[in-house]
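Next come the chains, spelled out residue by residue.
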Amino acid sequence: MPDMCSDNPEKSPWMCHVCSHTSNDSEPIACSVCYKVTCALHLAHKTVLNEESGLYELQPICVECQIKPHL
Ligand SMILES: [Zn+2]
Ligand SMILES: [Zn+2]
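Residues numbered from 1 in each chain as written. Chains lettered and ligands numbered in written order. Predicted model: local features only at pLDDT ≥ 70, side-chain atom pairs only at ≥ 80, totals over all residues.

Engineer: Sorry if this is basic, but what is going on with the overall build of the chain here?
Structural biologist: Helix and strand counts for the chain stand at one helix and six strands. Tracing the chain from N to C terminus, the helices and strands come up as β-β-β-β-β-β-α. The buried share among the 71 residues of the chain stands at 8%. In the chain, 29% of the contacts between residues at least 6 apart in sequence involve partners at least 24 apart. (Helix = DSSP H or I, 4+ residues; strand = E, 2+ residues; numbered from the N terminus. Buried ≥ 20, exposed ≤ 12 C-beta atoms within 10 Å, placed from the backbone. Contact = placed C-beta atoms within 7 Å.)

Engineer: How do you make sense of the confidence of the model for the chain when you look at a structure like this?
Structural biologist: Where the model shows low pLDDT, its predicted coordinates should not be examined in detail. Per-residue pLDDT for the chain averages 86, and the proportion of residues at 70 or more is 83%. Across the chain, strand β4 (residues 37-38) holds the top mean pLDDT of 96, while strand β5 (residues 43-50) sits lowest at 92. (pLDDT = per-residue confidence, 0-100.)

Engineer: Quick question: what am I supposed to make of the nonpolar core here?
Structural biologist: Across soluble globular proteins, you tend to see nonpolar side chains buried next to one another. In this structure, C16, C31, C39, L43 and C62 together form the largest nonpolar core, which totals five residues. Excluding its chain neighbours within four sequence positions, the residues that come into contact with C62 are V18, C31, C34, K36, T38, H42 and L43. (Core = buried A, V, L, I, M, F, W, Y, C linked by C-beta atoms within 7 Å.)

The structure is reproduced here in structure tokens:
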């Protein structure tokens, strides 16, 4: 197990899964495709069709999922 700093149990630090950037003073954003936490640099809001509502929605999608072909 990595040595985690547990000095501030109220705020849990998060790490971007793309660049391993860590932060605990900003809100983590999870990619809407892979659900991994991603920093703002590696996340873009893309227009995605919501098949349930038939409406286009802006969803946060990480760079890794953006370059992957749709499954
Ligand atoms: Zn990043
Ligand atoms: Zn993703």
